[in-house]
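A structural walkthrough
What follows is each chain in one-letter form.
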Amino acid sequence: MGVTELDPADPRTAEIAANLAAVRARIAAGCAAAGRDPATVTLVAVTKTFPVQDVRRLLALGVADIGENRDQEARVKAAAVPAARWHFVGRLQRNKCRSVASYAVLVHSVDRPELVAALDAGARQTGRAPLDVLVQVSLDADPARGGALPADVPRLAAAIAGTAGLRLAGAMAVAPFDADPLPAFGRLAEVAAELRRDHPDATILSAGMTGDLEAALRCGATHVRIGTALLGGRTPPVG
Ligand SMILES: *Cc1c(COP(=O)(O)O)cnc(C)c1O
């Protein structure tokens, strides 16, 4: 059953391979339009709601960076496919921090101080320090979508930088719902540039999903998080 190597006869693998080629072409075109080198962009495949077998297919196709937004689902998949590089991209609860720290290589969604201490402790207790984390920035002040207000980012960043177990690696955002993503990602780029003035190693900018990856690339995204364009629609839609 396990797809450990590319099996061209598996129709789902062929479907994902075609989707991947289209996404890679979008990234290449978006980078060309922005005068950027596509080699500076990491594709994170967001596999939430899709089976672990799809994660194996992605790995066989050369995509090793895998994103999930719920710990309950992520930890099971991470245990099943430890060879993937697991990214945690969803809203984070304090009581899930230790678990997330045990498998994630990058936590994209640190948006409040209480998570800092919990992730720091989790990373050290599970032997995974230093754990790379991003500050999630709110671009629409919508609490349901998460993120720290831009004014609160410097303090949150300083708290992360002050831990022994975490490394501040950059910033992340989700575009506002139903609004032009370009000005929002432009604002994110400003916040990220301010962050780098105090923390020169915080060079990751995680932005761009299926609907807005070109806008994110124009604004300097180094990590795009793509679900639907790679794997198809989610039913029922989650997060
Ligand atoms: C689901 C999700 C994605 C991927 O979204 P698509 O529109 O399916 O590409 C990216 N980032 C986060 C935080 C997500 O929850």
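All figures in this text were calculated on a predicted structure; none of them were measured in a lab.

1. Here's the deal with the overall build of the chain
Along its length, the chain carries nine helices and eight strands. Whereas a compact globule of 239 residues would reach a radius of gyration of roughly 18 Å, the chain reaches 17 Å, a difference of no more than 12%. Projected onto its principal axes, the C-alpha positions of the chain cover 50 × 40 × 30 Å. Per-residue burial for the chain yields a buried fraction of 49% across its 239 residues. Taking contacts inside the chain between residues at least 6 apart in sequence as the whole, the part at least 24 apart equals 60%. Total accessible area computed for the chain in this model is approximately 10700 Å², and 54% of it derives from carbon and sulfur atoms.

2. Quick look at the confidence of the model for the chain
On average, residues of the chain carry a pLDDT of 95, and 95% of them reach 70 or more. Looking across the chain, the model is least confident in helix α2 (residues 52–60), with a mean pLDDT of 97, and most confident in strand β1 (residues 42–46), with 99.

3. Some thoughts on the pairing of strand β4 (residues 104–110)
In terms of residue burial, β4 counts as a mostly covered element, since six of its seven residues are buried. Bridging between strand β3 (residues 85–88) and β4 involves three bridges; their strand directions are parallel. Residue F88 lies in a different strand from β4, and its bridge partner there is V107. What joins β3 to β4 is helix α4 (residues 97–103), and the crossover it makes is right-handed. Direction of pairing for β4 relative to strand β5 (residues 131–136): parallel, over a ladder of three bridges. Across the sheet, residue V107 finds its bridge partner in β5, namely V133. Once the chain exits β4 it traverses helix α5 (residues 113–125) before rejoining the sheet at β5, and the crossover so formed is right-handed.

4. Points about α5
With 13 residues, α5 should reach 18 Å at 1.5 Å per residue; the first-to-last C-alpha distance of 19 Å fits that figure. Within the span of α5, buried status applies to L115, V116, A118, L119, D120, G122 and A123. Considering only its buried residues, α5 is in contact with α4, β4, β5, α6 (153–161) and β6 (166–172). With its phi angle positive at about 70°, G127 sits one or two positions after the end of α5.

5. Some points on the site of the ligand
Surrounding the ligand, one finds eleven residues, the nearest of these being K48, T210, G227, T228 and R234. The side chain of K48 places a nitrogen or oxygen atom 2.6 Å from an oxygen atom of the ligand. For the ligand, the accessible surface in isolation is 390 Å², of which the surrounding protein chains cover 92%. Class assignment of the residues belonging to the shell around the ligand gives a composition of four nonpolar, four polar and three charged.

6. Concerning α2
What α2 keeps buried is the set Q53, D54, V55, R57 and L58. Turning to α2, the residues buried within the fold contact α1 (11–34), β1, β2 (65–68), β3 and α9 (228–231). Looking one or two places after α2, you find G62, whose phi comes out positive at around 95°.

7. Examining the environment of A189
Along the polypeptide, A189 turns up in helix α7 (residues 181–198). According to the relative accessible area criterion, A189 is partly exposed, its value standing at 24%. Once the C-alpha coordinates of A189 and A216 are considered, the two residues, 27 residues apart in sequence, prove to be 9.3 Å apart.

8. Re unusual backbone geometry
The omega angle of the peptide bond from A129 to P130 is -5°, so this bond is cis rather than trans. Look at T49: it is not a glycine, yet its phi comes out positive at around 75°.

Cut-offs applied
- Residues numbered from 1 in each chain as written.
- Predicted model: local features only at pLDDT ≥ 70, side-chain atom pairs only at ≥ 80, totals over all residues.
- Heavy atoms only, no water.
- Helix = DSSP H or I, 4+ residues; strand = E, 2+ residues; numbered from the N terminus.
- Rg over C-alpha atoms; globule rule 2.2 N^0.38 Å.
- Buried < 20%, exposed > 50% of the residue type's maximum accessible area, 1.4 Å probe, protein only.
- Contact = heavy atoms within 4.5 Å.
- Areas by Shrake-Rupley, 256 points an atom, 1.4 Å probe, with all protein chains shown as cover.
- pLDDT = per-residue confidence, 0-100.
- Pairing = 2+ DSSP bridges.
- Right-handed = clockwise from strand over helix to strand, strands pointing away.
- Expected span 1.5 Å × (residues − 1).
- Near = heavy atom within 4 Å.
- Polar contact = N/O pair within 3.5 Å; in protein donor to acceptor, adjacent residues only side chain to side chain.
- Nonpolar A, V, L, I, M, F, W, Y, C, P; charged D, E, K, R; others polar.

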